[in-house]
Amino acid sequence: MNINTMSNRFKTFAERECKDSSRLYEFLSYKIAEDDELLELSAYAKEGQPVPNLFFGAVHYLLLKGIRHELRDYYPSIVEQPKPVEESFHPFKKFCQQYRDLIISILRVKNVQTNEVRRCAYLYPIFSYIFEKTKKPQALIEIGTSAGFQLLWDKYRYTYQSGEHYGEMDSDVHIQSEIRGEKVPNFPAKVPPVAERIGIDLHVNDVSDDEDSLWLNALIWPEHEERRNLFHRAVKSIRKYKNEIHLIEGDGVDILPQIVEQIPQDALPCVFHTHVANQMPEETKYRLLDNIRVIGGFRDIFHLYNNIWDRKLHVDFYLNGIEHQKLIGETDGHGRWFTWEL
């Protein structure tokens with residue numbers, strides 16, 4: 001990948017992702033976009049990975065791991081009173097120069113697998129909508145599951161701007177989000193039933209493993225204390241319900257048909273992935289859609305996704321062999337807000 005392309009990635013990351021969300025990453029992204037040495041270093045990222053996320057995650061990971069360096073003083077995830085963002089670039093570059101080899105080793109093997117817990121804020125009403133249409137218990141199949149946090153969407157508690165609580169009222173995982181626009185979902189009195197929870201990933205993260213847990217923590221942006229707190233609470237939920245979750249290492253697109261074959265006919269296969277398809281090659285996206293279409297020819301199936309055609313959230317489904325396509329709305333990447341078009 002050439003330097004100009006990489007530079008544009010960091011500028012876009014600053015404009016679309018970091019603005020009003022992370023002052024540190026926004027400032028550093030613009031600076032990196034003008035620095036050929038750091039752009040060349042970031043280019044060691046695995047093919048198909050979102051480079052800025054992976055690059056910042058690698059640096060954050062090394063700092064959280066305990067490396068003593070002045071850069072630590074600019075990270076609110078590490079110090080209580082961080083130094084001004086505007087002074088951070090020089091120490092950031094010095095850190096990258098000093099630990100270049102370690103950063104490259106991380107970029108070559110790690111994946112961005114944030115799988116944001118707060119995205120469940122819109123999964124809850126979507127799966128409720130699906131249950132209202134089908135009245136069937138759901139067999140969840142998540143592609144790019146990471147540690148499986150989103151497979152437990154029905155075990156969390158939710159609050160939107162009305163202040164009312166929904167979901168599992170006794171849950172320690174309390175997710176708050178905003179529904180923007182005039183339309184709002186219908187929230188059921190009871191949480192829809194889940195028959196199975198299957199997560200597939202090229203590399204499954206085991207949150208009982210310190211290294212895996214630290215890497216997922218490092219992918220959370222330094223200023224996002226609420227996300228970090230949700231992460232730690234979700235880790236406890238994964239450990240609590242680990243016997244209900246089936247995590248599989250493999251290519252979720254390739255093995256999807258055989259996974260669906262194993263699901264009983266009285267359960268509804270619900271395939272979903274959030275902010276994962278942007279890491280899929282074009283051919284893989286079409287292969288996934290073909291697999292869903294073939295399965296839909298002989299049984300009901302729902303497919304919830306974004307980043308195939310655009311950044312918006314979609315649900316495609318087959319009922320009695322008939323295809324339906326619905327636009328759900330727009331979402332914030334970290335689940336802070338969403339719109340509802342259904």
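For the structure itself, look to the data block above.
Residues numbered from 1 in each chain as written. Predicted model: local features only at pLDDT ≥ 70, side-chain atom pairs only at ≥ 80, totals over all residues. Heavy atoms only, no water.

## Remarks on the sheet that holds strand 3 (residues 165–167)
Then, number 1: Pairing within the open sheet is mixed, and its three strands lie in the order 3-2-4. On the outer flanks of this sheet lie strand 3 and strand 4 (174–176), each paired with one strand and no other. The mean angle between the axes of side-by-side strands here comes to 30 degrees, regardless of whether they run parallel or antiparallel.
Then, number 2: The sheet contact formed by strand 2 (residues 157–159) and strand 3 spans three bridges and is antiparallel. Considered in strand 3, the bridge of Thr-159 is made with His-165.
Then, number 3: Against the sheet, helix 7 (residues 120–134) makes contact with strand 2, strand 3 and strand 4, and its axis sits at roughly 100 degrees relative to strand 2, the strand it touches most. (Pairing = 2+ DSSP bridges. Helix = DSSP H or I, 4+ residues; strand = E, 2+ residues; numbered from the N terminus. Axes fitted to C-alpha atoms, helices over the stretch in contact; angles between N-to-C directions. Contact = heavy atoms within 4.5 Å.)

## Brief notes about the nonpolar core
Then, number 1: Formed by 87 residues in total, the largest nonpolar core has its most connected members in Ile-32, Phe-55, Phe-92, Ile-103, Phe-149 and Tyr-156.
Then, number 2: Ignoring any residue separated from it by four or fewer positions in sequence, one finds Phe-55 in contact with Phe-10, Ile-32, Leu-38, Leu-41, Ser-42, Phe-92, Cys-96, Ile-103 and Leu-107.
Then, number 3: Within the second largest apolar cluster, 25 residues are counted, among which are Ile-200, Val-276, Ile-301 and Tyr-318. (Core = buried A, V, L, I, M, F, W, Y, C linked by side-chain atoms within 4.5 Å. Buried < 20%, exposed > 50% of the residue type's maximum accessible area, 1.4 Å probe, protein only.)

## Observations concerning the pattern of salt bridges
Then, number 1: What the rule picks out here adds up to 19 salt bridges.
Then, number 2: With a shortest N-O distance of 2.7 Å, Lys-65 and Glu-211 are connected by a salt bridge. Remark: Glu-211 occurs in helix 8 (residues 210–218) and Lys-65 occurs in the loop between helix 4 (51–64) and helix 5 (89–98); sequence separation between them is 146 residues.
Then, number 3: A salt bridge links Glu-244 to Arg-197; the shortest N-O distance between them is 3.4 Å. Of the two residues, Glu-244 is situated in the loop between helix 9 (225–240) and strand 7 (245–249) and Arg-197 in strand 6 (residues 194–201); the sequence distance between them amounts to 47 residues.
Then, number 4: A relative accessible area of 39% places Glu-244 in the partly exposed class.
Then, number 5: Taken together, the salt bridges that share partners define one network made up of Asp-35, Glu-37 and Lys-93. (Salt bridge = Lys/Arg side-chain N within 4 Å of Asp/Glu carboxyl O.)

## Overview of the pairing of strand 10 (residues 313–319)
Then, number 1: Taken across its seven residues, strand 10 has seven buried, putting it largely inside the fold.
Then, number 2: Where burial is concerned, the two faces of strand 10 agree: the one with Leu-313, Val-315, Phe-317 and Leu-319 and the one with His-314, Asp-316 and Tyr-318 are both buried.
Then, number 3: Examined bridge by bridge, strand 10 and strand 11 (residues 322–329) share seven bridges and lie antiparallel to one another. Note on strand 11: the bridge partner recorded for Phe-317 is His-324.

## Points about the sheet that holds strand 6
Then, number 1: Strand order in the open sheet made by the seven strands is 7-6-1-8-9-10-11, with mixed pairing throughout. Each of the sheet's edge strands pairs with one partner strand only, and the pair in question is strand 7 and strand 11. In this sheet, adjacent strand axes meet at a mean angle of 15 degrees when their direction is disregarded.
Then, number 2: Of the strand pairs in this sheet, strand 9 (residues 301–305) and strand 10 are connected by five bridges, and their pairing is antiparallel. Bridging from a neighbouring strand, Leu-304 pairs with Val-315 of strand 10.

## A word on unusual backbone geometry
Then, number 1: You will see that Asp-20, though not glycine, has its phi angle at about 65 degrees, which is positive.
Then, number 2: Within the fold, Asp-20 resides in the loop between helix 1 (3–18) and helix 2 (23–32).
Then, number 3: Judged by relative accessible area, Asp-20 falls into the exposed class, the value being 68%.
Then, number 4: Here the phi dihedral of Asn-307 falls at roughly 65 degrees; this positive angle occurs in a residue that is not glycine.
Then, number 5: Here Asn-307 lies in the loop between strand 9 and strand 10.
Then, number 6: The class of Asn-307 is buried, set by a relative accessible area of 13%.

## Some remarks on helix 7
Then, number 1: Compared with the 21 Å implied by 1.5 Å per residue over 15 residues, the 20 Å span of helix 7 between its first and last C-alpha is a close match.
Then, number 2: Among the 15 residues in helix 7, 13 count as buried, and that is most of the element.
Then, number 3: Looking one or two residues beyond helix 7, the residue adopting positive phi is Lys-135, at roughly 60 degrees. (Expected span 1.5 Å × (residues − 1).)

## A few points about the packing of helix 4 against helix 6 (residues 100–109)
Then, number 1: Axis separation between helix 4 and helix 6 bottoms out at 9 Å; the angle between their running directions is 125 degrees. Relative to helix 6, the element helix 4 is oriented oblique. Considering the relative orientation of helix 4 and helix 6, their crossing is right-handed. Here Leu-54, Phe-55, Ala-58, Val-59, Tyr-61 and Leu-62 of helix 4 lie close against helix 6, whose contacting residues are Leu-102, Ile-103, Ile-106 and Leu-107.
Then, number 2: Split into classes, the residues belonging to the contact of helix 4 with helix 6 amount to 10 nonpolar, no polar and no charged. (Parallel < 35°, antiparallel > 145°, perpendicular 65-115°, else oblique. Left-handed = near helix turned anticlockwise from the far one by under 90°. Nonpolar A, V, L, I, M, F, W, Y, C, P; charged D, E, K, R; others polar.)

## Things to note about the packing of helix 4 against helix 8
Then, number 1: The N-to-C vectors of helix 4 and helix 8 enclose an angle of 125 degrees; their axes lie 8 Å apart at closest approach. Between helix 4 and helix 8, the angle falls in the class oblique. When the axes of helix 4 and helix 8 are compared, the crossing they make is right-handed. Between helix 4 and helix 8, the contacting residues are Leu-54, Gly-57, Ala-58, His-60, Tyr-61 and Leu-64 on the first element and Glu-211, Leu-214, Trp-215, Asn-217 and Ala-218 on the second.
Then, number 2: A per-class count over the contact of helix 4 with helix 8 returns seven nonpolar, three polar and one charged.

Note that every value here comes from positions in space, so none of it alone points to a role or purpose.
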